Amino acid sequence: MSRSSKSHDGPANPSRRGLLKAGIAGAGLVAGAGLARAAGGDPANLPPNVADWSRYLGPGVDAAPYGMPSEHEAQVVRRSVEWLTASRESSINFTPLHELDGIITPNGLCFERHHGGVAEMNPTDYRLMINGLVDKPLIFTLDDLKRFPRVNRLYFLECAANSGMEWRGAQLNGCQFTHGMVHCVMYTGVPLKYLLEEAGLKTNAKWIMPEGGDAAGMNRSVPIEKALDDCLVAFKMNGEALRPEQGYPARLVVPGWEGNMWVKWLRRIEVGDMPWHAREETSKYTDLLEGGKARRFTWVMDAKSVITSPSPQAPILHAKGATVLTGLAWSGNGRITRVDVTLDGGENWHEARIDGPSLPKALHRFYFEFDWDGSELLLQSRAHDETGYVQPTKDALRAVRGTNSIYHNNGIQTWYVKADGGVENVEIS
Amino acid sequence: MSRFLKVAALSVGAALALSQPLQAGSFGLGTPASPEEIAGWDIDVRPDGAGLPEGRGTVAEGEAIFTEQCAVCHGDFGEGAGRWPVLAGGQDTLTSEAPVKTIGSYWPYLSTVYDYIHRAMPYGNAQSLSADETYAVVAYLLYLNDIVDDEEFELSKENFSSVRLPNEGGFIDDGRPDTPLASEEPPCMSECKAEVKITKRARIIDVTPEEDGEVSGMAVD
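Nothing here was measured: the structure is a model prediction, and the numbers come from that model.

### A short note on helix H6 (residues 131–144) of chain B
Structurally, the α-helix is built with 3.6 residues per turn, so residues lying three or four positions apart point the same way.
Residue and element names in this part refer to chain B.
Right, on to step 1. With 14 residues, H6 should cover 20 Å at 1.5 Å per step; its first-to-last C-alpha distance of 20 Å lies within 8% of that length.
Right, on to step 2. Burial runs high along H6: ten of the 14 residues are buried.
Right, on to step 3. Residues of H6 that are buried include every one of Thr-134, Tyr-135, Ala-136, Val-137, Val-138, Ala-139, Tyr-140, Leu-141, Leu-142 and Leu-144, and no others.
Right, on to step 4. Looking at the buried side of H6, the elements it contacts are strand S2 (56–58), helix H3 (59–69), helix H5 (110–120) and strand S3 (154–156).
Right, on to step 5. Asp-146 occupies a position one or two residues after H6 and carries a positive phi of about 60°.

Right, here's the structure in full:
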């Protein structure tokens, strides 16, 4: 019930209030025997009647100086999986991919992953130090950073452990949980190259070590070629300041590479001639293979896709007929060139329609419109990128890597759509 | 034109004449970092020993610190209390169904133990251990992992690089792409399989969070 209808829905009109309540309760019953439901709604708001919002003035400007989503979208939030981690300060939550469309993730919905909680930095005391194999070690303030030429780039950020719970089999019912450690925003920032060149790289500079100012002191090794290629030090996301949980006031952007390297609350960059083998690139973020050896420095996020609707949290709620299937695809190696979808578990595939900008190392949105006959479906999507890479099946990945590697699970996801429109996470032969 | 405007126009002209597009490496931004400033923040340690501070500590000293500041989460013997990380044991589990990755079973370099403990532990009070205390705790973790067996063993900047961890050789380069490219195996588009069967279902495990449901399942980091 909106605030305006509450204020005007006085004692003079008790029956309308009763109807509204009934309408809301009715909407909650969708998970019954069949998910298909009539359009529903409160007749008082439907033609030929005239709704309150068409009669009375609504809230004025500045009712919310920082605008928030409609109260009817309250379910569109990040969610976490309680049992995953021992502490909230070193934990994860997930982007509600099933509720979103297009390719931009709203700032407040970008998943969080912290190792020592959110560092509560103030911009006045923010400093970025560059030291090590440079001609002149420097310290930049935030204002200094904003005096370098800046660029705007749209990139996805995916945690290497996204889908990590699904290696052994289908486990979580919802693409928010299976694939929600990814987001995509427009960053504004300074090419890292400018900052490194300002300090002057020595000829033996081969690696950099970005380090966070959080209580985990997050540190990783990044080869100098990548640092000079497309890395940014970003201070804006989607036009506004970085959110505290995304590294305010400045973070590293490492396009196409695993999220852990995108050091938040960036306080220092050391330049060196060999990698550091930090905890986050030895104990963690290494991929243990079947034989007991582990791959290290597995930086790139390979091409991947997922159908976001229908999906377990976004069942089909309408009767048979016109149906929109949609999803996301991305590749750390460049652009997505094609996405195939199947409705019958991979017997036959169809090329999906990519809509919206197709940018390298950014999310791509795809659609496949079809006429649902009301029967059971087994949905999958398969991404192709511009390097000729094809998203593999989970079985193909397990065949080469086993089931212990945690990270870099970009296997094809299967959703089982039942006749009532409900959807379940499954694996198929 | 008023006198004021004339002056303004003149100074804009002068400024325009002086403005040049800037080149990389010549922005003149940032201030030099002093050795003291760098020393306070430059805390990283590398496998070759670069970055190690002066200092020393024994297994016995480390045990006292560990019991007081670490055991509440990691257990008296590094076995991990509840769901907090396990720090010792796990040897010969890397090929099993449930690998236990510890300093002794998995970590390749001792420098990582020093670097990480000093920068991030104890959890919630990072960078509080002195160099001597950190050497001592690292020595104790070597003891808990059966890499040293003498309680009198003293770890120091001098002997640090002589200690090697068992799994140093356990790492290989990234082998991807490790599945066929489109050019090697063009993806099938029609009549790709005869029959399809559901082999695994999330419902069976059912660990998806509902409202406040208490569930347990396979953890991931």
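Next comes the rest of the write-up.
### Considering the interface of chain B and chain A
Right, on to step 1. Taken residue by residue, the interface counts 81 residues in chain B and 107 residues in chain A.
Right, on to step 2. In this assembly, chain B packs against chain A so that about 8,200 Å² is buried in total across both faces, 54% of it on carbon and sulfur atoms.
Right, on to step 3. The interface formed by chain B and chain A holds ten salt bridges in total.
Right, on to step 4. Across the salt bridge formed by Arg-176 of chain B and Asp-302 of chain A, the nearest N and O atoms sit 3.2 Å from each other.
Right, on to step 5. Between the two partners, chain B and chain A, sit 46 residue pairs in polar contact (both at pLDDT 80 or more).
Right, on to step 6. Broken down by secondary-structure element, the contributors of at least two residues to the side of chain B that touches chain A are strand S1 (31–32), helix H2 (35–41), H5, strand S4 (171–172), strand S5 (198–201) and helix H7 (202–205) of chain B.
Right, on to step 7. In terms of residue count, the dominant contributor to the side of chain B that touches chain A is H5 of chain B (five residues).
Right, on to step 8. By residue class, the composition of the side of chain B that touches chain A is 41 nonpolar, 18 polar and 22 charged.
Right, on to step 9. Here two bridges tie strand S4 (residues 138–140) of chain A to S1 of chain B, and the two strands are oriented antiparallel to one another. The residue bridging Leu-138 of chain A from the neighbouring strand is Pro-32 of chain B, located in S1 of chain B.

### Description of the nonpolar core
Right, on to step 1. In this structure, Leu-145, Leu-192 and Leu-195 of chain A are the most contacted members of the largest nonpolar core, which totals 105 residues.
Right, on to step 2. Counting contributing residues per domain, this core is built from domain 1 (82–296) and domain 2 (304–426) of chain A, each supplying no fewer than three.
Right, on to step 3. Once residues within four sequence positions are removed from consideration, Leu-192 of chain A is found in contact with Ile-208, Ala-227, Cys-231, Leu-232, Val-233, Leu-252 and Ile-269 of chain A.
Right, on to step 4. Of all hydrophobic cores here, the second largest spans 39 residues; its members include Val-59, Val-113, Val-137 and Phe-153 of chain B.

### Quick look at a negative patch on the surface
Right, on to step 1. A contiguous patch of negative charge on the surface is contributed by Glu-63, Asp-76, Glu-79, Asp-146, Asp-149, Asp-150, Glu-151 and Glu-152 of chain B.
Right, on to step 2. If you trace the backbone, Glu-79 of chain B turns up in the loop between helix H4 (71–74) and H5.

### Quick look at empty space enclosed by the protein
Picture a little ball the size of a water molecule; that probe, rolled over the atoms, points out where space is still empty.
Residue and element names in this part refer to chain A.
Right, on to step 1. What the rule picks out here adds up to five cavities of 30 Å³ or more.
Right, on to step 2. By volume, the largest cavity is sized at about 210 Å³.
Right, on to step 3. Along the wall of the largest cavity there are 19 residues; nearest its centre are Arg-113, Arg-251, Gly-259, Asn-260 and Lys-264.
Right, on to step 4. Residues that form the lining of the largest cavity fall into these classes: eight nonpolar, six polar and five charged.

### Looking at the sheet that holds strand S8 (residues 222–223) of chain A
Right, on to step 1. The strand order S8(A)-S7(A)-S12(A)-S3(A)-S4(A)-S1(B) describes an open sheet built from six strands, whose pairing is mixed. Pairing within the sheet leaves two strands with one partner each, and these edge strands are S8 of chain A together with S1 of chain B.
Right, on to step 2. The pairing of strand S3 (residues 128–132) of chain A with S4 of chain A spans three bridges and is antiparallel. When the bridges of S4 of chain A are listed, Ile-130 of chain A appears paired with Leu-138 of chain A.

### Looking at the state of the cysteines
Right, on to step 1. Going through the model one piece at a time under the given rule, you end up with one disulfide over all chains.
Right, on to step 2. In this model Cys-188 of chain B forms its disulfide with Cys-192 of chain B; the gap between the sulfur atoms is 2.1 Å. With the S-S bond torsion at -100°, the cross-link from Cys-188 of chain B to Cys-192 of chain B turns out left-handed.
Right, on to step 3. The cysteine Cys-159 of chain A is free of any disulfide, with Cys-110 of chain A supplying the nearest cysteine sulfur at 14 Å.
Right, on to step 4. Sulfur of Cys-184 of chain A: no disulfide; nearest cysteine sulfur belongs to Cys-110 of chain A and is 8.8 Å away.
Right, on to step 5. The class of Cys-184 of chain A is buried, set by a relative accessible area of 0%.

### Focus: unusual backbone geometry
Right, on to step 1. The omega torsion across Met-121 of chain B and Pro-122 of chain B is -10°, close enough to zero to call that bond cis.
Right, on to step 2. Geometrically, the link from Arg-176 of chain B to Pro-177 of chain B is a cis peptide bond, its omega value of 0° lying close to zero.
Right, on to step 3. Along the chain, Pro-177 of chain B turns up in the loop between S4 and S5.
Right, on to step 4. Residue Trp-265 of chain A is not a glycine yet carries a positive backbone phi of 50°.
Right, on to step 5. Mapped onto the elements of the fold, Trp-265 of chain A is located in the loop between strand S11 (251–253) and strand S12 (266–272).

Rules used in this analysis
- Residues numbered from 1 in each chain as written.
- Chains lettered and ligands numbered in written order.
- Predicted model: local features only at pLDDT ≥ 70, side-chain atom pairs only at ≥ 80, totals over all residues.
- Heavy atoms only, no water.
- Helix = DSSP H or I, 4+ residues; strand = E, 2+ residues; numbered from the N terminus.
- Expected span 1.5 Å × (residues − 1).
- Buried < 20%, exposed > 50% of the residue type's maximum accessible area, 1.4 Å probe, protein only.
- Contact = heavy atoms within 4.5 Å.
- Buried area = accessible area lost by both parts, 1.4 Å probe.
- Salt bridge = Lys/Arg side-chain N within 4 Å of Asp/Glu carboxyl O.
- Polar contact = N/O pair within 3.5 Å; in protein donor to acceptor, adjacent residues only side chain to side chain.
- Nonpolar A, V, L, I, M, F, W, Y, C, P; charged D, E, K, R; others polar.
- Pairing = 2+ DSSP bridges.
- Core = buried A, V, L, I, M, F, W, Y, C linked by side-chain atoms within 4.5 Å.
- Domains from an automatic or database assignment.
- Patch = residues over 30% accessible without salt bridge, like charges linked within 9 Å, V, L, I, M, F, W, Y side chains within 5 Å.
- Areas by Shrake-Rupley, 256 points an atom, 1.4 Å probe, with all protein chains shown as cover.
- Lys, Arg positive; Asp, Glu negative; His and termini not counted.
- Charge placed at Lys NZ, Arg CZ, Asp CG, Glu CD.
- 1 Å grid on protein atoms, 1.4 Å probe; cavity = no way out; pocket = protein on both sides within 12 Å on 5 of 7 lines; lining within 4 Å.
- Points joined across faces, edges and corners; volume = space filled by probe spheres on them.
- Disulfide = S-S within 2.5 Å.

Spatial relationships are all this shows, so hold off on functional conclusions.
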